[in-house]
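Here are the chains, one letter per residue:
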Amino acid sequence: MELPIVAKAGGIFLIFLAEVVVLHIFLIAIPPLRMKKTGWAVIQYVVIALALLGLMSAVSNARQLVAQGLLSISGPHLQFEFRDLRSRADDYSSPGIVCRTFVRGEFSPPPEEFNRAQREFDDVCQWFKKISTTIPKELPEGDADIDWQSLSAPPQVSDVQLVDTIHRFKLTLDGYNTAAKSHRDLQAAAHRSDRDSFFIFLLPLSLSLALALQATKITADTWYKPS
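These lines cover the structure that appears in this document, whether it is placed above or below. What you are looking at is a predicted structure, and each value in this text was computed from that prediction instead of being measured. (Residues numbered from 1 in each chain as written. Predicted model: local features only at pLDDT ≥ 70, side-chain atom pairs only at ≥ 80, totals over all residues. Heavy atoms only, no water.)

All right, on to a nonpolar patch on the surface then. A cluster of nonpolar side chains, namely Val21, Val22, Ile25, Phe26 and Leu33, defines an oily patch on the protein surface of about 420 Å² accessible area. By relative accessible area, which is 43% here, Val22 ends up partly exposed. (Patch = residues over 30% accessible without salt bridge, like charges linked within 9 Å, V, L, I, M, F, W, Y side chains within 5 Å. Areas by Shrake-Rupley, 256 points an atom, 1.4 Å probe, with all protein chains shown as cover. Salt bridge = Lys/Arg side-chain N within 4 Å of Asp/Glu carboxyl O. Buried < 20%, exposed > 50% of the residue type's maximum accessible area, 1.4 Å probe, protein only.)

Take unusual backbone geometry next. At Asp143, a residue that is not glycine, the phi angle is positive and equals roughly 55 degrees. Tracing the sequence through the fold places Asp143 in the loop between α3 (111-134) and α4 (160-190). (Helix = DSSP H or I, 4+ residues; strand = E, 2+ residues; numbered from the N terminus.)

All right, on to the packing of aromatic side chains then. The description of an aromatic ring pair uses the distance of the two centres, along with the angle that the planes make with each other. Counting across every chain of the model gives 8 aromatic pairs. With a centroid separation of 6.3 Å and 65 degrees between ring planes, the pair formed by Phe102 and Phe114 is classed as edge-to-face. A residue pair is termed long-range when its members are at least 10 positions apart, and Phe102 in the loop between α2 (37-92) and α3 and Phe114 in helix α3 qualify at 12 residues. A relative accessible area of 12% means that Phe114 is categorised as buried. Their ring planes at 80 degrees and their centres at 6.2 Å tell us that Trp127 and Phe169 sit as a pair that is edge-to-face. With a gap of 42 residues between them, Trp127 in helix α3 and Phe169 in helix α4 connect regions that are remote in the sequence. A single burial state applies to Trp127 and to Phe169, both of which are buried. An aromatic cluster is present here, built from Tyr92, Trp127, Phe128, Trp148 and Phe169 joined pairwise through their rings. The ring of Phe114 is capped by Arg104, whose NZ or CZ atom sits 4.9 Å from the centre of that ring. Taking the ring centre of Trp148 as reference, the NZ or CZ of Lys170 above it sits at 5.7 Å. (Phe/Tyr/Trp six-rings, centres within 6.5 Å; stacked < 30°, edge-to-face > 60°. Lys NZ or Arg CZ within 6 Å of the ring centre and 35° of its normal.)

With that settled, consider the pattern of salt bridges. A complete count under the given rule lists 8 salt bridges for this structure. For Asp174, the salt bridge is made with Lys170, and the minimal N-O distance between the two is 3.2 Å. Of this pair, Asp174 and Lys170 both sit in helix α4, separated by 4 residues, roughly a single helical turn. For Asp174, a relative accessible area of 28% gives the class partly exposed. On the basis of relative accessible area, Lys170 is assigned to the partly exposed category, the value being 31%. A salt bridge links Asp185 to Lys181, with the shortest nitrogen-to-oxygen separation between them at 2.9 Å. Of this pair, Asp185 and Lys181 both sit in helix α4, separated by 4 residues, roughly a single helical turn. Given the relative accessible area of 44%, Lys181 is considered partly exposed.

What follows covers the side chain of Asn177. With respect to the helices, strands and loops of the structure, Asn177 is situated in helix α4. A polar contact of 2.8 Å, which involves the side chain of Asn177, links it to the backbone nitrogen of Ile146. In this structure, Asn177 is in contact with Asp145 and Ile146, ignoring residues within four places of it in sequence. (Polar contact = N/O pair within 3.5 Å; in protein donor to acceptor, adjacent residues only side chain to side chain. Contact = heavy atoms within 4.5 Å.)

To continue, consider the packing of α2 against α4. Relative orientation and spacing of two packed helices are given, respectively, by the angle between their axes and the distance between those axes. Two elements in contact, α2 and α4, have axes separated by 8 Å at closest approach and are oriented at 155 degrees. Taken together, α2 and α4 sit at an angle that is classed as roughly antiparallel. Like other packed secondary-structure pairs, α2 and α4 cross with a definite hand, here left-handed. Taken together, the residues of the contact of α2 with α4 break down into 16 nonpolar, 11 polar and 5 charged. (Axes fitted to C-alpha atoms, helices over the stretch in contact; angles between N-to-C directions. Parallel < 35°, antiparallel > 145°, perpendicular 65-115°, else oblique. Left-handed = near helix turned anticlockwise from the far one by under 90°. Nonpolar A, V, L, I, M, F, W, Y, C, P; charged D, E, K, R; others polar.)

So far we have only geometry, and geometry alone does not tell us how the molecule works.
Next up, the structure:
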């Protein structure tokens, strides 16, 4: 199988020369078809339209090239964000940071305050245990978001440490969702759609015709002097 003519520099150059010859004949050499001033103004707009078509093709190529390069960074970053989220869910649901039992001592607060703090830590511990079973163990298929609203609501607590822990966990979840959305967007941008293929296929033809029209306009303005 051979490449199409639009993918060969020599073929496009021959097409350009043929377009120049044909346009010179039909727009300049044949008196009944010869362009007037208004007609040449319209031609200039056609040249701009063809150049814009070429610009769309160039943008499509640039988008895919940049997106493919960024995917090599986005993938590991997404993995890092998910591991961080999974690690926090495991740490907060295991004995230590949140899941702990207080022991009264000489400097402990009054019983009412002491018991309230223990209840709040117990409630948050149970919440994180539930969260730990809800969040997937592996990166979700399709890099799907993990919606905060889909998780059980956190308990209402007054302890500053617990409030900060829940807030940091939500920030970690938001960080994963942001990385997941960015990765999905880059995957879509790196994919060549049928429309992209159409524009890219037309790029050499549209630019060659635009240049041929412009060359004919230059000939008409500079060298052709009607008698």
